[in-house]
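Analysis of the macromolecular model
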Amino acid sequence: MKNVWIFLVFSFFGFLCVRAQSNLTVKGVVTDDTGVPIMGASVVVKGTSVGASTGMDGEYSITVPAEGKALEISYIGMITQVITINGQTTIDVQLKEDVSELDEVVVVAYGTQKKSDVTASVQSVSSKELTDITSPDVSTMLQGKASGVQVMQGSGQPGSLPSIRIRGLAAINGNVSPLWVVDGVIVHGTPNLNPNEIESVSVLKDASATSLYGSRGANGVVVVTTKQGKTGKSQLTLSSKTGFSFFNQGNFEVMNGNQLYDYFGKFTNPGNIPDWFSEEVLQNNYNWIDNSTKTGTVQDHTLTFTAGTEKSKTFISLGYYDETGTVKDYEFDRLSFRLNHDYKVNDRLTLKPKFAVNYNTRENRQHSLYQMYLNLPWDAPYDGEGNLINPRDFSGSWYGRDQSNYLYDLQWNYTKGTEFNLYSNFDVEFEILPNLKFISTNSYTLFRSDNKSYTDPQSTSGQAVNGELYQFDSKRITRFTNQMLRYSNTFGDHSINALVAYEYNDYVYESMSATGRGLISGDEVLGNTVTPGAVGGTKNEYALQSVLVNANYGYADRYLAQVSLRRDGASNFGLDNQYGTFYSFSGGWNIHNEDFFNVEAVDQLKLRASYGALGNRPDNLYPQFELYSVDNPYDGRPAAALKQLRNDDLAWEKSYQTNIGLDTRFFNKLNLSLEYYNKNTSDLLYFVKLPASSGYDGYWENIGGVKNIGYEASASFDAFATDTFSWSVGFNIGTNKNEITELFENQDIINNDTKIFRKGEDVNTWYMRKWLGVDTQTGDPLWEVVDPQTGEKSQTSDYNSATRQKVGTASPDFYGGFNTRLAYKGITFSANFVFSKGGKIYNSSRELYDADGAYPTYNQQVLADGWSRWEQPGDEATHPRLVYGGNSLSNKISSRYLEDGSYLRLRNIRVGYTIPQTWLSSVGITNAELYLSGDNLLTFTDFSGMDPEVGVDPNNPIQGVGYYSMLYPVSQRLTLGINLSF
């Protein structure tokens with residue numbers, strides 16, 4: 001019996017020991033995909049009833065029984081993860097949003113909607129998608145990320161802004177840029193925001209999406225939502241990156257000293273070459289481009305703090321951005337701050353103040369783009385002792401045409417400027433009834449700019465006036481208020497969301513400029529100058545008020561309808577047409593929710609359509625008035641002169657838009673969206689010029705129409721999505737056909753001697769002499785002659801006899817972007833490409849540096865691949881024979897300098913590594929990521945210039961499309977960054 005008891009005792013303790021050895025305690029932290037801890041997540045040993053929940057810090061601890069093999073972690077709105085234990089004692093988990101369960105919410109006009117309920121054309125871009133590239137502005141970051149949105153950078157100068165076009169050009173002389181809305185407030189122009197403050201950007205494209213913005217929605221709307229505090233644990237986040245930028249010459253190359261010498265040797269009229277040309281010119285072989293460019297630097301640092309309870313939520317951001325250009329001696333920096341706060345006073349009243357400021361500075365001693373391309377390599381800027389040369393009093397030889405060494409003046413001369421922006425909101429939300437809210441949005445913005453240009457008396461440009469100081473200061477104030485009632489309710493299968501609002505917005509702008517001459521070298525005080533120069537200034541203002549109504553209805557998640565109406569009154573229209581009415585209606589059908597639809601492979605199938613009328617206002621703030629010029633003095637007093645004729649009947653541009661879309665999702669992996677649109681704009685605003693005998697320059701009139709028809713497609717494919725590996729790809733493309741449908745008295749309008757507005761043609765139609773190449777026997781240039789009576793075509797070498805005609809368009813055939821993203825455990829890889837196909841670029845710079853001898857004392861371009869020069873009879877060449885002084889005006893405006901603008905660019909590539917949380921928990925860090933990023937590293941194009949992404953002339957946003965002239969190319973960039981969360 002004793003032995004039995006001993007056996008039982010040992011067996012019991014042995015069982016306890018075995019059980020103790022079998023039970024395993026596992027600890028860890030559960031976070032979302034941004035590294036924020038999740039409180040209340042469920043952690044269950046799969047196949048058992050053993051479970052736990054995460055605490056405030058997202059931490060959990062669970063005892064795993066012997067039979068437990070895996071943990072199942074879940075949270076509402078997140079994708080559940082199952083992780084094999086394999087003896088691990090620490091398992092940290094990062095949960096991702098379950099978009100299909102949440103039914104993604106997108107920001108639309110004056111609110112938000114579930115994506116499945118949207119009947120308009122809206123494309124949303126998240127903060128993570130935006131901030132892959134390094135840029136101080138959000139508009140650049142949209143490139144290639146939304147179908148139908150064309151973003152043209154145009155310049156690589158730090159702080160420069162791109163041009164954005166949504167679904168083509170809907171005007172010929174009016175505003176063509178989209179409207180920007182930030183946190184519910186309509187802002188003036190493109191907002192100056194730190195991109196790291198932005199939560200999401202929604203691009204509204206059709207009438208249903210934009211009609212609530214009435215007279216300002218015809219060109220599309222970009223809605224920006226900044227970040228807000230979230231309920232849960234406080235979090236401090238640091239995002240920091242430093243990079244290097246490299247000057248990108250693309251396919252462009254100018255000649256060195258020996259190449260230029262050989263070029264002179266090929267002139268077919270050597271007797272006309274000046275006596276100074278000899279082998280002595282080869283004593284210098286200076287590279288002006290190398291001298292003027294460098295490796296630029298960029299720094300981008302943002303510190304954010306978020307905290308939130310059920311009663312109070314706070315987001316604070318402090319940012320610093322600094323960039324030096326790849327062309328020497330230009331620097332842009334910005335300091336930014338934002339505070340967004342929500343405070344729930346009680347169950348019915350919530351206050352939502354927002355405050356943001358940024359301060360920008362520009363230091364500009366930038367080297368001359370013009371001279372770095374065109375100065376001769378035979379001219380060196382320094383003498384033998386290292387002193388800078390002033391060619392105009394230089395005892396040696398200076399061969400360049402302009403007799404200018406820009407480095408000489410840059411010893412002293414400069415410009416600099418500062419810009420201050422303040423954005424303030426005081427928003428209130430009050431629940432009147434359970435389904436009825438009053439929402440008040442109120443904003444005040446202030447813009448101030450101070451710019452100074454200093455010309456030293458020692459400089460060449462300052463000698464005649466003994467130095468000059470120019471100062472320009474400006475101020476802009478905008479006020480905005482929107483008072484809204486919003487009703488939302490669901491009863492049975494029916495849902496309704498409606499609003500009615502009153503809105504007021506005004507704007508006041510003032511500027512002052514002054515010039516002083518005669519100063520002491522180094523003195524920057526305008527009052528110390530001896531002689532006052534020109535004094536200038538301006539003031540203008542506008543105001544708009546509106547009433548708007550909108551209603552959305554849904555039935556059983558299958559049938560959707562939307563209707564909106566807005567009436568706008570604007571100060572810059574004639575008294576007879578000061579108010580305009582704009583509307584839209586749309587419908588959607590979620591076919592996949594129908595009982596009869598039972599296709600297992602199709603998760604979503606939605607058809608939607610919309611139609612509406614929108615408006616557009618002129619950029620001119622006083623187009624309806626009779627204006628007089630009073631800046632011409634007479635006998636020492638202001639004298640009034642006729643300027644602009646009055647037009648009380650001036651009315652809104654009206655854009656009637658139709659949109660049809662199809663949204664699908666297959667196998668819960670492939671998303672596909674297809675759209676067709678038709679934008680028909682009438683009553684175009686145009687300034688009609690009058691003969692000088694009338695006394696007026698002209699008047700504004702509603703004279704014509706433009707039609708844009710296009711197709712868009714966007715797709716995304718989640719190829720793999722497991723606990724450790726994911727891979728997704730995305731693609732978007734847009735095409736737009738533009739046509740002028742009506743003009744004033746059907747008369748052609750010639751623009752800048754290079755383009756034409758003509759009924760039935762594209763707005764961006766090139767109009768110039770047609771280049772036919774080179775005469776194989778004489779080497780002379782050839783252009784086309786068209787008989788105006790018979791249409792018979794012939795050729796000529798007389799430039800003035802050639803016929804001006806249509807020779808293509810600057811509008812691309814299609815454009816878009818594609819991307820891919822891979823993630824394996826803590827390693828991520830992503831790449832984004834942008835492309836544009838078709839569209840002709842007029843390379844006007846070639847008139848100077850590809851001029852066949854017309855400008856022999858400018859440096860010349862090395863012939864691109866596939867180009868050749870005529871040298872003897874029988875040669876089939878792209879370029880005429882060289883003639884000192886020019887070959888029969890061969891370098892004048894013609895289709896010779898029109899080039900294909902197609903390109904494919906690797907916009908960004910990024911590799912990142914997220915450090916395991918088990919390595920970080922001991923130092924209080926909840927998330928850490930290191931990454932290396934590259935921008936614009938590869939560009940594939942046949943364009944002979946530096947950059948095919950030529951952008952738009954900001955002073956001529958319509959006619960200025962497709963011009964290339966002395967461009968500052970977009971830089972290539974490598975960046976190393978780190979993201980830390982505490």
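Note that the coordinates shown come from a computational prediction; the quantities given were computed from them, not determined experimentally.

Rules used throughout
- Residues numbered from 1 in each chain as written.
- Predicted model: local features only at pLDDT ≥ 70, side-chain atom pairs only at ≥ 80, totals over all residues.
- Heavy atoms only, no water.
- Helix = DSSP H or I, 4+ residues; strand = E, 2+ residues; numbered from the N terminus.
- Rg over C-alpha atoms; globule rule 2.2 N^0.38 Å.
- Buried < 20%, exposed > 50% of the residue type's maximum accessible area, 1.4 Å probe, protein only.
- Contact = heavy atoms within 4.5 Å.
- Areas by Shrake-Rupley, 256 points an atom, 1.4 Å probe, with all protein chains shown as cover.
- Lys, Arg positive; Asp, Glu negative; His and termini not counted.
- Charge placed at Lys NZ, Arg CZ, Asp CG, Glu CD.
- Patch = residues over 30% accessible without salt bridge, like charges linked within 9 Å, V, L, I, M, F, W, Y side chains within 5 Å.
- Salt bridge = Lys/Arg side-chain N within 4 Å of Asp/Glu carboxyl O.
- Phe/Tyr/Trp six-rings, centres within 6.5 Å; stacked < 30°, edge-to-face > 60°.
- Lys NZ or Arg CZ within 6 Å of the ring centre and 35° of its normal.
- Pairing = 2+ DSSP bridges.
- Axes fitted to C-alpha atoms, helices over the stretch in contact; angles between N-to-C directions.
- Core = buried A, V, L, I, M, F, W, Y, C linked by side-chain atoms within 4.5 Å.
- Polar contact = N/O pair within 3.5 Å; in protein donor to acceptor, adjacent residues only side chain to side chain.
- UniProt positions renumbered as here; feature names shortened; annotations may be inferred.
- Domains from an automatic or database assignment.
- Arc of directions from axis to C-beta.

1. Quick look at the overall build of the protein chain
- Each helix and strand counted, the protein chain has 10 helices and 52 strands in total.
- For the protein chain, the C-alpha radius of gyration of 33 Å lies close to 30 Å, the compact-globule estimate for 982 residues.
- Dimensions along the principal axes, computed over C-alpha positions, put the protein chain at roughly 130 × 70 × 65 Å.
- Relative to its 982 residues, the protein chain shows a buried fraction of 51%.
- Restricting to contacts in the protein chain with at least 6 residues of sequence separation, those with at least 24 account for 68%.
- If you sum the accessible surface of the protein chain, you get close to 43900 Å²; carbon and sulfur atoms cover 54% of it.
- Looking at the protein chain, you have 80 positive and 108 negative side-chain charges, and the mean spots of the two groups are 6 Å apart.

2. Details of a nonpolar patch on the surface
- On the surface, Leu 236, Leu 303, Phe 305, Ile 316, Leu 318, Tyr 320, Leu 335, Leu 339, Phe 355, Tyr 359 and Phe 982 cluster together into a nonpolar patch covering about 870 Å² of accessible area.
- Elements represented by at least two residues in the nonpolar patch include exactly strand S18 (296-308), strand S19 (312-324), strand S20 (330-344) and strand S21 (349-364).
- Following the sequence through the fold, Phe 355 ends up in strand S21.

3. Things to note about the packing of aromatic side chains
- All told, the structure shown has 46 aromatic pairs when counted by the stated rule.
- Here the aromatic rings of Phe 720 and Phe 725 are separated by 5.8 Å at their centres, their planes lie at 50 degrees, and the arrangement is tilted.
- Judged by centre distance (6.2 Å) and plane angle (70 degrees), the rings of Phe 814 and Phe 835 are edge-to-face. Taken together, the residues span a long stretch of sequence, with Phe 814 in strand S45 (residues 814-824) and Phe 835 in strand S46 (residues 827-837) at a distance of 21 residues.
- Accessibility expressed as a relative area gives 32% for Phe 814, which makes it partly exposed.
- Each member of the aromatic cluster is reached from another via a ring pair, and the members are Tyr 261, Tyr 263, Phe 264, Phe 267, Trp 276, Phe 277, Trp 378, Tyr 399 and Tyr 884.
- The ring of Tyr 799 is capped by Arg 769, whose NZ or CZ atom sits 4.2 Å from the centre of that ring.

4. Re the sheet that holds strand S51 (residues 963-964)
- Spatially, the three strands line up as an open sheet ordered S48-S47-S51, and their pairing is mixed. Edge strands, defined here as strands with exactly one partner in the open sheet, are strand S48 (898-900) and S51.
- Sheet topology note: the strand S47 (residues 840-843)/S48 ladder contains three bridges and is antiparallel. Paired with Ile 841 across the bridge in S48 is Glu 899.

5. What about the sheet that holds strand S41 (residues 771-774)?
- One open sheet holds the three strands; their spatial order is S41-S42-S43, and the pairing between them is antiparallel. Pairing within the sheet leaves two strands with one partner each, and these edge strands are S41 and strand S43 (793-796). Shown here is a sheet whose adjacent strand axes are inclined to one another by a mean of 30 degrees, direction ignored.
- The sheet contact formed by strand S42 (residues 781-786) and S43 spans four bridges and is antiparallel. Note on S43: the bridge partner recorded for Val 785 is Ser 794.

6. A short note on the nonpolar core
- Ranked by internal contacts, the top residues of the largest apolar core, which has 23 residues, are Tyr 110, Val 181, Ile 186, Leu 204, Tyr 213, Val 221 and Val 223.
- For this core, the secondary-structure elements that each account for two or more residues are strand S8 (105-108), strand S13 (179-182), strand S14 (185-186), strand S16 (221-226), strand S24 (468-491) and strand S25 (494-517).
- Residue contributions to this core peak at three residues, all from S8.
- When neighbours within four sequence positions are excluded, Val 223 is seen to be in contact with Val 107, Val 181, Ser 200, Val 201, Ser 202, Leu 204 and Tyr 213.

7. Thoughts on the side chain of Ser 584
- Tracing the chain through its elements places Ser 584 in strand S28 (residues 579-590).
- Here Ser 211 takes part through its side chain, which lies 2.7 Å from a polar atom of the side chain of Ser 584.
- Polar side-chain contacts of Ser 584 include one of 2.8 Å to the side chain of Ser 564.

8. A short note on the UniProt feature "domain: TonB-dependent receptor plug" (unreviewed entry) in the protein chain
- Taking the numbering used here, the UniProt-annotated feature "domain: TonB-dependent receptor plug" (unreviewed entry) corresponds to residues 115-221.
- Secondary structure within residues 115-221 divides into 11% helix and 25% strand; the distance between the first and last C-alpha atoms comes to 18 Å.

9. Considerations on the domain arrangement of the protein chain
- Partitioning the protein chain into domains gives domain 1 (24-97), domain 2 (101-230) and domain 3 (248-288 + 366-412 + 845-891).
- Centre-to-centre separation of domain 1 and domain 3, based on C-alpha positions: 71 Å.

10. As for the pairing of strand S33 (residues 670-682)
- In this sheet, S33 lies alongside strand S32 (residues 653-666) in antiparallel orientation, the contact comprising 13 bridges. Across the sheet, residue Arg 665 finds its bridge partner in S33, namely Asn 671.
- Remark: three residues form the turn of the hairpin made by S32 and S33, two consecutive strands paired antiparallel; Phe 667 in that turn has positive phi of roughly 55 degrees.
- Summarising the sheet, S33 and strand S36 (residues 705-721) pair through 12 bridges and their orientation is antiparallel. Bridge pairing in S36 links Tyr 676 to Tyr 711.

11. Focus on the pattern of salt bridges
- Enumeration over the complete set of coordinates arrives at 35 salt bridges.
- Residue Glu 761 is joined to Lys 806 by a salt bridge in which the shortest nitrogen-to-oxygen separation is 2.7 Å. Of this pair, Glu 761 sits in the loop between strand S39 (755-757) and strand S40 (765-769) while Lys 806 is found in strand S44 (residues 804-809), placing the two residues 45 residues apart along the sequence.
- Residue Arg 910 pairs with Glu 929 through a salt bridge whose shortest N-O separation is 3.1 Å. Of the two residues, Arg 910 is situated in strand S49 (residues 903-914) and Glu 929 in strand S50 (residues 927-940); the sequence distance between them amounts to 19 residues. Each member of the pair, Arg 910 as well as Glu 929, is classed as buried.
- Through salt bridges with shared partners, a single ionic network connects Arg 167, Lys 205, Arg 608, Asp 663, Glu 675 and Glu 712.

12. With respect to helix H6 (residues 257-264)
- Taken residue by residue, H6 has Gly 257, Leu 260, Tyr 263 and Phe 264 as its buried positions. One face of H6 carries all of its buried residues, which in axial projection span an arc of 120 degrees.
- For H6, the capping residue at the N-terminal end is Asn 256, with a side-chain oxygen 3.2 Å from the backbone nitrogen of Asn 258.

13. Looking at the environment of Val 298
- Tracing the backbone shows Val 298 in strand S18.
- Val 298 sits in the buried class, given a relative accessible area of 1%.
- In the structure, Val 298 is positioned 125 residues away from Asn 173 in sequence and 37 Å away in space, judged by C-alpha atoms.
- What Val 298 contacts, discounting residues up to four positions off in sequence, is Thr 134, Lys 241, Thr 242, Gly 243, Phe 244, Tyr 321, Asp 322, Glu 323 and Arg 973.

14. A few points about unusual backbone geometry
- Of note, the phi angle at Asp 683 is positive, near 55 degrees, even though the residue is not glycine.
- Position of Asp 683 relative to the elements: it lies in the loop between S33 and strand S34 (685-689).
- The phi torsion at Glu 745 lies on the positive side, around 55 degrees, for a residue other than glycine.
- Within the secondary structure layout, Glu 745 lies in the loop between strand S37 (725-742) and strand S38 (749-751).

15. A closer look at the environment of Val 785
- Mapped onto the elements of the fold, Val 785 is located in strand S42.
- For the pair Val 785 and Gln 795, spaced 10 residues apart in sequence, the C-alpha separation works out to 5.5 Å.
- Leaving out residues up to four positions away in the same chain, Val 785 has contacts with Glu 792, Lys 793, Ser 794, Thr 796, Ser 801, Ala 802 and Thr 803.

16. Observations regarding the pairing of S8
- Across four bridges, the pairing between S8 and strand S9 (residues 111-114) is antiparallel. Its bridge partner lying in S9, Val 107 is registered against Thr 112.

17. Some details on the environment of Ala 171
- With respect to the helices and strands, the residue Ala 171 is situated in the loop between strand S12 (163-166) and S13.
- With relative accessibility at 0%, the residue Ala 171 sits in the buried group.
- Residues Ala 171 and Glu 653, 482 residues apart in the sequence, show an inter-C-alpha distance of 8.5 Å.

18. Observations concerning the side chain of Ser 449
- Inspection of the secondary structure assignment puts Ser 449 in strand S23 (residues 436-455).
- One polar contact links Ser 449 to Asn 451, side chain to side chain, over a distance of 2.9 Å.
- For Ser 449, the contacting residues outside a window of four places in its chain are Thr 418, Glu 419, Phe 472, Asp 473 and Ser 474.

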